[in-house]
Amino acid sequence: MNFLSCFHCSLGYPRLPAPRLPEPDTKESFRLDRHNLSKAMDSFPIRELPSPLPGADFPTAWVHPLEALVELASNEPGCPAIRTHESVPPQYINYGEVWRRAYSIANGLKSLRGWAQDSGVVALHVEPEEYWVYSTYAVWILGKKTINFGLNWPPAVRSAIVKRHGIKFLLYRHARPEPIAGVELVAADSFPSCVVPAPSLGVCSPLQDSLGYLSTSGSTGIPKTFLYSKPSDCFCYFADMYRSQTVVQSPSFSATTVLMTIASNCRNCLWFPKPTRHILDQVQETVQLLDSGVQKFFAPTSYIKLLLAYAEKADKKRLWTSVLSVMISSEMIQPSLVARVRAMFPNATLSLIYASSESTIIGAAGSCIIHPFDPLPEKITYVLNSPTVHCALLDDQGDRIDPAVGRRGVLCLVMDPTDPIAQKYPFDKVDAGAPFAAFGFFEDRSPRLCTMDEVELVADNEFTVVGRFGHRVKINGVYVHLDTLQSTVLEKLGSVITDCAFVLSTSMKIVFIYVASQSSGSKAKLKPREALDMVENLFVLENVGTVPLHNCISMEELPYIECGKRNLCRLKEIADSAEEFGMMVYYPPIPALDKPVNRAALKIAEMGAEILGNSYYATSNYFFSGIGFDSLTIVQMALKLRDEFGVKIPPHILVSNGATPLSIARLILDTIDSKPFNGCKFNLTKEVDRLNNPVFSSVGLPPFEFPHEPRSVLLTGADSLLGIFLLFELAWKLPQSRFVCLVATKPERNGTALSTLRRIAFERMIDSRDQLRPRFQIWDRVEAHYADLAAIAWGLPQSVWADLAEDVDMIIHNAETVHWVHSYEILMAVNVGSTMAALQLASTHHLKVIHYISTTGVLPLLAQGRNGVFYEERIYHEWRISGGYNQTKWVSEQLLDQARQRGIPSSIIRLGIVLGDSRWGACDPDCFIWHYIEGCISVEATPSHLSMVDLNMDCVDHVAQMVATICTSPESVEKFVFHAVSAESQISEQRLFETIAGFGWNLLFETRHQFRESLYNLSTRQFDALDPLMDLVRLTAFNVDNKNALAMFNQPAPAPSSILQACLQYLVQAKQLPAPTNTPQSKEIVYPPTPIYD
């Protein structure tokens, strides 16, 4: 008998039938079931689902998941594989698309440096979402194994697992982990699409016997890891065909991994919720999946309790009648919980499973199957029907118990010595002095797996679980099991206590930890003294005996690990700290709301509690100065906040009066929040798909060679401050080239575009007024045209466009409309439309290289690294960008990236804040930074007190030199993305306003909160003008990586403070800023006169 048959027998299913000829009535019944399923999926354009083998509710032959995917993608590509609730409305992805995306990721992975020398194990640090599936298949396509990292694993655990398996690469998507020594962190969604071959095992590496490693939950320490094999060696709990299945637990949870590996064999569709990090948010998302009509649901016991409590509180009459199967596993199950599940899922078959990560790999599981109309059992009795595995018991010393003598002890699963699986796993690699080690042998050399659960045998392979070994306490000569006490309390006092735990502390004292009911019918929550009295009275009535409860602690919720199981380590820490609770100041809990500030506050509270080693505070809104932080631990806290959020919070702010996790969370979000500039009303990724034109490609054009001496260079936006400086720098570097400049400034009466450009050049680049210097004698090589950037082909005459297509070899797209409040819809025509025109020109007649001048504002705050750094080599696909201007630049970057993949050579150069000329201070007075400074001067106040904002501010002449160097180098096309930001250009907001105050203006330094209150009290007009600018300044504070730019141009930049001095002087003399109230530090500058020109 194969393993699959054993597994189905253990779950109460009949053995696998042999294939048989179809019967008409059976075939029709299958079509009817699948027709109903297709109706639920009518929002996804797929072909009708194929019928499974008539007469079989599960596959008759199990194959490698990748082999099953290849077969499905070839023969049933429209079969739905994934439904993701990450977007609204939910989206379906079919198996054909899964193959395409997985192969694209695999193609990108194998191009990584060092991939060929990898150990063969690739880590995944992902939530239960679609890219987990793509990444897993991608790793299998390349013939390697996977291991799913827990998102809450601390750095020490991750490092230990990396060292254990020699891991060199880690894939992530939403949750980027902290850097790990020797491991390259790779964003799974960063790989471009590629030419994907037809599904075939021939384009894949040879299939491996082992798929990867399963890990234990880590709830009691560093997780153990075990090899697992293809589905025939796994638990195929839900093996019926063409069903929808929830996946809500972390992929690091073994059962979640098994669900994914069997999905392609069963043609199942995996339903993923919107990724969230807090357990209550996960429960809320799960409720939405169940309300949407999913058919199969799996979760551990603790998660089921949370789900039922949430659902009952929201709607006491809620029923999930569409769910046909509910599986509960991983922890002790009480009959009272089974009754609650039956009431909520009246049509579901309940599969109560006794299993663990270790038992999964040897193909052993106990089951208790309860069909919808079966009576509920008084006790949960598990049946182990695998013919190659049987039960044995150990006593307290680890010796085997003779079944004729005793029927109660620690459960061991014993295998036949001839079983091939026994040869795969480390049964013999165990210390002889460790009788309760997971793997080992009995004296007769029978391999055995110790479960560490105390059970009572009902029959040879039937048992009931008493509790966890070690949770039994001897009181007055009588053994009492703590898990039994917990079941009794929840069964009898469930109306006032929703969850509880009896925990044995390190000093062998029993601590009762409970969660009081929050139902609207109760006047007040149960207090610890009341709860203690109720529990003690209950034990007397139940004849439990005298149980000495040393302490009683109330919590808002018990701590959980990411897979929904209880965090046993944290419970033990709370029990060990029970003596301190009587002397503690009560701090209110942080509301577990699905809001950014609440989620951030909960994370901050958890980090603080971890540093102090007191888990009780992990969800409390405590004062940092009141719970024991000292000079060392508060610095540790500041460093953790920097690593987690990318924001530097000085230690003295943390211990200041009134600083709590909620207030610090507000401060952090105040630094990175984008609320004043609302995001786009639609998904910008879909906007890119709509605008992306496959015609913009290299197809049919001669091969591209980088133009070292281009015949003509097209410069758009030449009449901007940067455009003027860039024109002179390019003309100096390319003495043989001609320049075609597009200007948006309309010519004066009887004027030309060229005369307008020269006038603007003399105004903004004061050095160019010296026409005797060869560097500025360029105008005989310059041609200028007025351009309407929002029009097709920039509104140029057809003859001019044709000449540009034939003569231009390089395009520098610097044109844009800058407005910091307008929406994407308003700015799109100019900023995105002009980019599409540049792409059209670049792919007409012959290939032309495009250098696109972008902004660091396209960097999404949600995608920054754990250390707050935005990396230069990446195109960020996270589209939730603040502000319409930044959104148009993001869309343009995506369009360039797509065109580059189709062969159009290009580069993207991102700039920070560009100030004026370092010598004369000539600048653009319409830049938002000057409006911000002018507003602060007018109200004689600044929001820079305790500000943590650092700005990247560079002079225009230095930026132009850097951009020109990049544009004229062939490496620009190869490296693609550049951050033209100098290391010397960073200046704090505090230092910025100190420089301005030193120039002669009176400024009061306030916090942002004080400044906002002052504005509101002054006038609505001033508030409306300055408040969004204050937030915009925060949004431009980026810590960027610039190694590509520095490798090509490493000349040091002038200090921002000296540039500021020159710019302030220029703006004062130009009457753009009011004269300083005090004596200015610098004398008035005499600028050279403007020359006469035609």
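> Whenever I open this one, the pattern of salt bridges confuses me. Can you help?
Oppositely charged side chains may form a pair once their charged atoms are brought near each other. Enumeration according to the criterion identifies 22 salt bridges in this entry. Among the salt bridges present, the one from Glu71 reaches Arg267, with a minimum N-O distance of 3.5 Å. Residue Glu71 is found in helix H3 (residues 65-75), and its partner Arg267 is found in the loop between helix H7 (254-266) and strand S10 (269-272); the two are separated by 196 residues along the sequence. Accessibility expressed as a relative area gives 37% for Glu71, which makes it partly exposed. We classify Arg267 as buried; its relative accessible area is 14%.

> Looking at this structure, how should I read the nonpolar core?
Soluble, globular proteins show a tendency: their nonpolar side chains are buried together. Leu109, Phe297, Phe345, Ile604 and Leu641 are the most contacted members of the largest nonpolar core, which totals 154 residues. The contact partners of Phe345, leaving out residues within four places of it in the chain, are Leu290, Phe297, Leu307, Trp320, Val323 and Val326.

> What should I look at first to understand the sheet that holds strand S23 (residues 497-504) in this one?
Note on sheets: strands pair through backbone hydrogen bonds, and any given pair is parallel or antiparallel. Taken in spatial order, the three strands of this open sheet run S23-S24-S25, and their pairing is mixed. The sheet terminates laterally at S23 and strand S25 (549-554), the two strands that pair on one side only. In this sheet, adjacent strand axes meet at a mean angle of 20 degrees when their direction is disregarded. Here strand S24 (residues 510-516) runs beside S25; their pairing, made up of five bridges, is parallel. Considered in S25, the bridge of Val511 is made with Asn551. Contacting S23, S24 and S25, helix H14 (residues 568-576) runs over the sheet at an angle of about 75 degrees to S23.

> Just checking my understanding: could you explain the sheet that holds strand S30 (residues 849-855) for this structure?
An order of S28-S27-S26-S29-S30-S32-S36 is seen for the seven strands of this open sheet, with the pairing classed as parallel. Whereas interior strands pair on both sides, the edge strands pair on one side only; in this sheet they are strand S28 (782-786) and strand S36 (977-980). Adjacent strand axes in the sheet meet at a mean angle of 20 degrees when their direction is disregarded. In terms of strand pairing, strand S26 (residues 712-716) meets strand S27 (residues 738-743) through five bridges, oriented parallel. Each residue of the ladder has a partner; that of Thr716, found in S27, is Leu742.

> Help me understand the packing of aromatic side chains in this model?
Given two aromatic rings, their pairing is described by the distance between the two centres and the angle made by the two planes. Within this structure, the stated rule accounts for 22 aromatic pairs. Taking the centre distance of 5.8 Å and the plane angle of 90 degrees together, the rings of Phe728 and Trp779 count as edge-to-face. With Phe728 in helix H21 (residues 721-733) and Trp779 in the loop between helix H22 (753-764) and S28, this residue pair connects regions lying 51 residues apart in the sequence. Judged by its relative accessible area of 1%, Phe728 is buried. An aromatic cluster of three or more residues is present, and its members are Phe502, Phe512, Tyr514 and Phe539. Residue placement shows Arg83 over the ring face of Trp271; its charged tip is 4.2 Å from the ring centre. A cation sits over an aromatic face here: Lys144 above Trp115, 5.1 Å from the ring centre.

> How should a negative patch on the surface be read in this particular structure?
On the surface, Glu783, Asp803, Glu806 and Asp807 cluster together into a negatively charged patch. Note that Asp807 resides in helix H23 (residues 798-807). Among the residues examined, Asp807 registers a relative accessible area of 34% and is labelled partly exposed.

> What is the right way to look at helix H25 (residues 833-842) in this model?
Most of H25 sits out of view: eight of its ten residues are buried. Ser834, Thr835, Met836, Ala837, Ala838, Leu839, Leu841 and Ala842 are the residues of H25 that are buried.

> Is there a simple way to think about helix H12 (residues 482-492) in this case?
It helps to recall that an α-helix has 3.6 residues per turn; residues three or four apart then point in one direction. Counting buried positions along H12 yields eight of eleven residues, so the element is predominantly enclosed. Of all the residues in H12, the buried ones are Leu482, Asp483, Leu485, Gln486, Ser487, Thr488, Val489 and Leu490.

> What should I look at first to understand the confidence of the model for the protein in this one?
Any region with low pLDDT has predicted coordinates that should not be read closely. The predicted model of the protein has a mean per-residue pLDDT of 80, with 84% of residues at 70 or higher. Within the model, pLDDT remains below 50 along residues 232-238, and this stretch shows 46 contacts once partners closer than five positions in the same chain are excluded. When the criterion is pLDDT under 50, residues 673-678 qualifies, and its contacts beyond four places in sequence or with other chains add up to 14 contacts.

> Looking at this structure, how should I read the packing of H3 against helix H5 (residues 130-141)?
Packed helices, taken two at a time, are described by the angle their axes make and the gap between the axes. Two elements in contact, H3 and H5, have axes whose closest approach is 10 Å; the angle formed by their N-to-C orientations is 105 degrees. The angle between H3 and H5 places the two elements in the roughly perpendicular class. Contacts between H3 and H5 pair Pro65, Leu66 and Leu69 from the former with Tyr137, Trp140 and Ile141 from the latter. For the contact of H3 with H5, the residue count by class is six nonpolar, no polar and no charged.

> Is there a simple way to think about unusual backbone geometry in this case?
Leaving glycine aside, a negative phi is the common case for residues, and trans is the common case for peptide bonds. Positive phi, close to 55 degrees, is recorded for Ala793, a residue that is not glycine. Take Ala793: it is sitting in the loop between S28 and H23. The phi angle at Trp794 is positive, at roughly 60 degrees, despite the residue not being glycine. Structurally, Trp794 is set in the loop between S28 and H23.

> Would you take a moment to explain the pairing of strand S1 (residues 80-84) for this structure?
Remark: a regular strand shows side chains that alternate across the two faces of the sheet. In terms of burial, S1 is a largely internal element, five of the five residues being buried. The pairing of S1 with strand S2 (residues 91-94) spans four bridges and is antiparallel. What sits directly across from Ile82, in S2, is Ile93. Hairpin geometry of S1 and S2 is characterised by an intervening segment of six residues between the two adjacent antiparallel strands.

> What is the right way to look at the state of the cysteines in this model?
As used here, a disulfide is simply a covalent bond connecting the sulfur atoms of two cysteines. One pass over the full model with this rule turns up zero disulfides. Sulfur of Cys552: no disulfide; nearest cysteine sulfur belongs to Cys500 and is 9.9 Å away.

> Mind showing me how you'd approach the packing of helix H16 (residues 596-612) against helix H17 (residues 631-645) here?
Packing of H16 against H17 leaves a shortest axis separation of 10 Å and a crossing angle of 140 degrees. Regarding the angle of H16 to H17, the classification is oblique. Note on packing geometry: the crossing formed by H16 with H17 is right-handed. Seen from H16, the contacting residues are Ala600, Lys603, Ile604, Met607, Gly608, Glu610, Ile611 and Leu612; seen from H17, they are Thr633, Gln636, Met637, Lys640, Leu641, Glu644 and Phe645.

> Looking at this model, I keep getting lost on the environment of Arg318. Mind explaining?
Structurally, Arg318 can be placed in the loop between helix H9 (301-314) and strand S12 (325-329). Judged by its relative accessible area of 15%, Arg318 falls in the buried class. Residues Arg318 and Asp291, spaced 27 residues apart in sequence, show a C-alpha to C-alpha distance of 9.4 Å. At a separation of 3.0 Å, a polar atom in the side chain of Arg318 contacts the side chain of Asp291.

> Looking at this model, I keep getting lost on the pairing of S36. Mind explaining?
Judged by which residues are buried, S36 turns out to be covered on both faces: Val977 and His979 on one side and Phe978 and Ala980 on the other are all buried. Strand direction decides the pairing type here: strand S32 (residues 906-911) and S36, joined by four bridges, are parallel. If you follow Leu911 over to S36, its bridge partner there is Ala980.

About the thresholds
Starting afresh in each chain, residues are numbered from 1 along the sequence in its written order. Only residues with pLDDT of at least 70 get local features here, since the model is predicted, and only at 80 or more are side-chain atom pairs given and counted; chain-wide, interface and lining totals rely on the full set of residues. Side-chain metrics rest on all non-hydrogen atoms present in the structure, leaving aside hydrogens and water. One side-chain nitrogen of Lys or Arg within 4 Å of one carboxyl oxygen of Asp or Glu is enough to make a salt bridge. Runs of E in the DSSP output that reach at least two residues are strands. Runs of H or I that reach at least four are helices, and both are numbered from the N terminus. The rule is simple: take the accessible area with a 1.4 Å probe, protein chains only, and divide by the maximum for that residue type; under 20% is buried, over 50% is exposed, in between is partly exposed. Side-chain atoms within 4.5 Å link the members of a nonpolar core, which is a set of buried Ala, Val, Leu, Ile, Met, Phe, Trp, Tyr and Cys residues. Two residues qualify as a contact provided that any one of their heavy atoms is within 4.5 Å of a heavy atom in the partner residue. For two strands to count as paired, DSSP must find a minimum of two bridges between them. Whenever a helix is involved, its axis is fitted only over the stretch in contact; in every case the axis is a line through C-alpha atoms, and angles between N-to-C directions fall within 0 to 180 degrees. Pairing of aromatic side chains requires ring centres within 6.5 Å, counting the rings of Phe and Tyr and the six-membered ring of Trp. Pairs whose planes differ by under 30 degrees are stacked, by over 60 edge-to-face, and all others tilted. Here, over-ring charges are defined by two tests on the NZ atom of lysine or the CZ atom of arginine: distance to the ring centre within 6 Å, and angle to the ring normal within 35 degrees. Patches were defined on residues exceeding 30% relative accessible area and lacking a salt bridge, with like-charge contacts within 9 Å and nonpolar side-chain contacts (Val, Leu, Ile, Met, Phe, Trp, Tyr) within 5 Å. Accessible surface is estimated by sampling points in the Shrake-Rupley manner with a 1.4 Å probe; for residues, cover comes only from the protein chains shown. Neither His nor the chain termini are counted; the positive set is Lys and Arg, and the negative set is Asp and Glu. Think of each charge as sitting on NZ of Lys, CZ of Arg, CG of Asp or CD of Glu. The pLDDT score gives, residue by residue, the confidence of the prediction method on a 0 to 100 scale. Here is the rule for angles: anything less than 35 degrees is roughly parallel, anything more than 145 is roughly antiparallel, 65 through 115 is roughly perpendicular, and the remaining ranges are oblique. Basically, the charged four are Asp, Glu, Lys and Arg, the nonpolar ten are Ala, Val, Leu, Ile, Met, Phe, Trp, Tyr, Cys and Pro, and anything else, Gly included, counts as polar. Any cysteine sulfur atom paired with another within 2.5 Å is treated as part of a disulfide. For any helix crossing, the convention is left-handed if the near helix is rotated counterclockwise from the far helix by under a right angle, and right-handed if that rotation is clockwise. Identification of polar contacts relies on pairs of N or O atoms within 3.5 Å, with a donor-acceptor requirement for protein atoms, meaning one able to donate a hydrogen and the other able to accept it, and with residues adjacent in sequence counted only if both atoms are side-chain atoms.

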